[in-house]
Amino acid sequence: MIEPATFHVITTELVVGSFALAGLCFVLHSLISIQNKESQFVTMMDSTAHIALLFGLLALPFAIASGINSSPSGAHTSPLLANKMLLSTAGGGLALGVLFTRWRMGNDDASRHLHNAFGSISTGCMLLTASLGGTYTRADSLTEFLPFVKESTLLLPAWMSIFVILIILAALIVRQTSTIKHG
């Protein structure tokens, strides 16, 4: 049987590697499509970015669950671990949104660079999460210039969270009942 800490390392490497490949492909897709839209690399970078993002997204729940199981005291006891949870779920949510938008977008070139930017931001969230893991296990990472990440967790108050949920639900209802054709 594999220990939770070992399984967490394996799944984390899958997530980080997949998201890093996706982020690199998103950036290269934007750069290549600015110069030459008919290049074969444009479609190759687009497909590779989204497949890598999907693979990383599928491995993410295993990394989160094994990370919680491998922590001796649980994720709720340390601001660093809570920030890792927030960043990984934010990166996962952005990745899910990028994949859903790509499925709905088709071949619309007008918003492609914005789409690539959100894919790169989701990659940044995952890479920052991995770097915080290095801070937690080895007290060494690339995030030494971000002391607030280790000492405090930025959370919304309960009333503001409920307010944001209500705004999102209202926007979804208005969008479905609108007579104007959207996207």
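Moving on, we come to the overall build of the chain. The secondary structure content of the chain amounts to six helices and zero strands. Secondary structure elements of the chain occur, N-terminal to C-terminal, as α-α-α-α-α-α. For the chain, the proportion of its 183 residues judged to be buried stands at 35%. Long-range contacts, defined as pairs at least 24 residues apart, comprise 73% of the intrachain contacts of the chain with a sequence gap of at least 6. Surface exposure of the chain reaches about 11500 Å², of which carbon and sulfur atoms provide 71%.

Soluble globular proteins: nonpolar side chains tend toward being buried together. The biggest cluster of nonpolar side chains holds 18 residues, and the ones touching the most others in it are Val 15, Phe 19, Phe 26, Leu 53 and Leu 60. Secondary-structure elements contributing two or more residues to this core are helix H1 (4–35), helix H2 (40–70) and helix H3 (79–105). In terms of residue count, H2 provides more of this core than any other element does, nine residues in total. Those residues in contact with Phe 26, other than ones at most four positions away along the chain, are Ala 49, His 50, Leu 53, Val 98, His 115, Asn 116, Gly 119 and Ser 120.

A pair can form between side chains of opposite charge whenever their charged atoms are brought close. Taken as a whole and assessed by the stated rule, the structure comprises two salt bridges. Between Asp 46 and Arg 102 there is a salt bridge, with the nearest N and O atoms lying 2.6 Å from each other. With Asp 46 in helix H2 and Arg 102 in helix H3, this residue pair connects regions lying 56 residues apart in the sequence. As far as burial versus exposure is concerned, Asp 46 and Arg 102 are alike and both buried. In this structure, the salt-bridge partner of Asp 46 is Arg 112, at a minimum N-O distance of 3.3 Å.

It is worth spelling out the environment of Arg 102 at this point. Along the primary structure Arg 102 and Asp 46 are separated by 56 residues, whereas in three dimensions their C-alpha atoms are 9.7 Å apart. At 2.6 Å, the side chain of Arg 102 forms a polar contact with the side chain of Asp 46.

So, on to the side chain of Ser 66. Residue position: Ser 66 is located in helix H2. The exposure class assigned to Ser 66 is buried, which follows from its relative accessible area of 5%. Within the structure, the side chain of Ser 66 is placed 3.2 Å from the side chain of His 8, a separation counted as a polar contact. There is a polar contact of 2.8 Å between the side chain of Ser 66 and the backbone oxygen of Phe 62. The residues touching Ser 66, leaving out its near neighbours within four places in the chain, are Pro 4, Phe 7, His 8 and Thr 11.

Before going further, it helps to examine the environment of His 115. On the secondary structure map, His 115 appears in helix H4 (residues 112–138). Separated by 13 residues in sequence, His 115 and Arg 102 have C-alpha atoms that sit 7.9 Å apart.

Among the surface-exposed residues, Trp 159, Ile 162, Phe 163, Val 164, Ile 165, Leu 166, Ile 167, Ile 168, Leu 169 and Leu 172 lie close enough to one another that they form a single nonpolar patch of about 1000 Å² accessible area. With respect to the helices and strands, the residue Trp 159 is situated in helix H6 (residues 158–177).

Criteria and cut-off values
Residues numbered from 1 in each chain as written. Predicted model: local features only at pLDDT ≥ 70, side-chain atom pairs only at ≥ 80, totals over all residues. Heavy atoms only, no water. Helix = DSSP H or I, 4+ residues; strand = E, 2+ residues; numbered from the N terminus. Buried < 20%, exposed > 50% of the residue type's maximum accessible area, 1.4 Å probe, protein only. Contact = heavy atoms within 4.5 Å. Areas by Shrake-Rupley, 256 points an atom, 1.4 Å probe, with all protein chains shown as cover. Core = buried A, V, L, I, M, F, W, Y, C linked by side-chain atoms within 4.5 Å. Salt bridge = Lys/Arg side-chain N within 4 Å of Asp/Glu carboxyl O. Polar contact = N/O pair within 3.5 Å; in protein donor to acceptor, adjacent residues only side chain to side chain. Patch = residues over 30% accessible without salt bridge, like charges linked within 9 Å, V, L, I, M, F, W, Y side chains within 5 Å.

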